[in-house]
Amino acid sequence: MIQASVLDIKEIRTQFPILQEEVNGKRLVYFDNAATTQKPNAVLKALEEYYHHKNANIHRGIHTLAEKATTAFEETRKRVKSFINATEAEEIIFTKGTTESINLVASSYGRKFLKAGDEVIISTMEHHSNIVPWQMICEEKGAILKVIPVNDNGELLLEEYENLLSEKTRIVSVVYASNSLGTINPVKTIIKKAHEYSAVVLLDGAQATAHLDIDVQDLDADFYALSAHKMYGPTGVGVLYGKRDLLEKMPPYQGGGEMIKDVSFEKTTYNDIPYKFEAGTPNIADVVGFKYAMDFVDEIGKPNIHAHEMAVYDYAVEKMEEIPGFQPVGIALKKVSVLSFLIDGIHPFDIGQMLDARGVAVRTGHHCTQPLMDRYGIEGTARASFSIYNTKDEVDVMVDALKRIINFIK
Ligand code: 7TS
């Protein structure tokens, strides 16, 4: 890890070719990192290298390429194990993203262990992907979905959470860091409380994993879901971490090749974990590329990444306060670098469109957290989310553009 004081953002930017793009005649300012981050050269090269020199299907062949591809694929599994400090590589299951990881747990664990009258707890600030799979399985099983409320600042009400917990609680599934508010939730406490009632806990780590050191053993998380594409890796790759004893008790999620030991028309036996949950040919090349994203992150160091991003965030809040009618949404004490905001009298969609005309990419809308928007009585926000390659100069470009937009409109 390098020292934060010598972090060379200019050099880091050169590793991301897309940052040289022009959008609508202006140099791209990419502030949509919570949706997906850009990819460094190391990842792009790994993808090319894979297809040029290693491409084959994995786990089934004895020929040289098949072995090379299998080794590269399994190297990433080991890398994820160390990246989130799982106990064993077998606890790492590759999926296509956080959404699929959560669906896997809801379908497999939920279908086997939930029964009528049981309760599942989520929170108001969940992404739809951590709401809908639980609604579906609760409906199927006659289980009840309970929701932890949030305060006006965008923080979970922990006392209310404790009131929701009971002997009926089977599963607690909460977001580690909110994509709409940036709030970092006190997940270690949430997990400890759930375990007092023998409930299992899934953490949605989609937004946390690129910014915070993750240690699933220290957190004592039962399941942890993440997406590679939100942490400089390729799209189409996600991870589900699960404790071995839980994964072993769970039925397969999908049937097909890879996930079996032996198939006959009378009886099929299933493979061991993690393969039991990896039916069919996986996204081999992108899994291989993902390893280089984790190397990129660890080389800089997450504390350095987080510190830089929060410096850009703090600067952005300070500059935005110069804008009349600026209203941040989500001002929790502990945050990742997500700045959701409203400007009085201008629809977020118009903000997004007019910023785009000036080369600035922000996201607008409900950010797949409609119940959260309902809680605040709004339709959506404009959202700037910062990454390691973003700079205060880029914030100036956005703020300057916003000031011009306001002058133009008002
Ligand atoms: N959970 C959280 C907290 C997220 O932010 C997202 C995606 C997901 C789950 C789903 O991840 P996926 O990789 O399976 O799609 N969030 C966003 C966003 O904020 N803007 O676009 C996607």
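Here goes a summary of the coordinates provided. Quick caveat, the model's predicted, so the values are computed rather than measured.

### Remarks on the pairing of strand E14 (residues 338-343)
Across the six residues that make up E14, a large majority, six, are buried. What you see with E14 is no split at all: Val338, Ser340 and Leu342 on one side and Leu339, Phe341 and Ile343 on the other are buried throughout. Relative to strand E17 (residues 381-385), E14 runs antiparallel, the two being bridged by four bridges. Of the residues in E17, the one forming a bridge with leucine 339 is alanine 384.

### Description of the site of the ligand
Around the ligand, a shell composed of 17 residues is seen, among which Thr99, Asp204, Gln207, Ser227 and Arg383 lie nearest. Here an oxygen atom of the ligand sits 3.4 Å away from a polar atom, N or O, in the main chain of threonine 98. Aspartate 204 is positioned with one of its side-chain polar atoms (N or O) 2.5 Å from a nitrogen atom of the ligand. When the ligand sits alone it has 480 Å² of accessible area, and the protein chains cover 86% of it. Class assignment of the residues belonging to the shell around the ligand gives a composition of four nonpolar, nine polar and four charged. The residues that make up the shell around the ligand include at least three from each of domain 1 (4-40 + 300-404) and domain 2 (44-298).

### So, unusual backbone geometry
Omega for the peptide link from isoleucine 273 to proline 274 comes to 5 degrees, which places this bond in the cis form. Within the secondary structure, proline 274 sits in the loop between strand E12 (268-270) and helix H10 (284-300). Even without glycine at this site, histidine 367 takes up a positive phi of about 55 degrees. Overall, histidine 367 belongs to the buried group, its relative accessible area being 7%. Although it is not a glycine, cysteine 368 sits at a positive phi angle of roughly 60 degrees. Within the fold, cysteine 368 resides in the loop between strand E16 (363-365) and helix H13 (370-375).

### Quick look at the side chain of aspartate 32
Within the secondary structure, aspartate 32 is located in the loop between strand E3 (29-30) and helix H2 (41-53). Aspartate 32 sits in the buried class, given a relative accessible area of 7%. At 2.9 Å, the side chain of aspartate 32 forms a polar contact with the side chain of arginine 363. Residues within four places of aspartate 32 in sequence aside, it is in contact with Ala361, Arg363, Arg383 and Ser385.

Each value, and the rule that gives it
- Residues numbered from 1 in each chain as written.
- Predicted model: local features only at pLDDT ≥ 70, side-chain atom pairs only at ≥ 80, totals over all residues.
- Heavy atoms only, no water.
- Buried < 20%, exposed > 50% of the residue type's maximum accessible area, 1.4 Å probe, protein only.
- Helix = DSSP H or I, 4+ residues; strand = E, 2+ residues; numbered from the N terminus.
- Pairing = 2+ DSSP bridges.
- Near = heavy atom within 4 Å.
- Polar contact = N/O pair within 3.5 Å; in protein donor to acceptor, adjacent residues only side chain to side chain.
- Areas by Shrake-Rupley, 256 points an atom, 1.4 Å probe, with all protein chains shown as cover.
- Nonpolar A, V, L, I, M, F, W, Y, C, P; charged D, E, K, R; others polar.
- Domains from an automatic or database assignment.
- Contact = heavy atoms within 4.5 Å.

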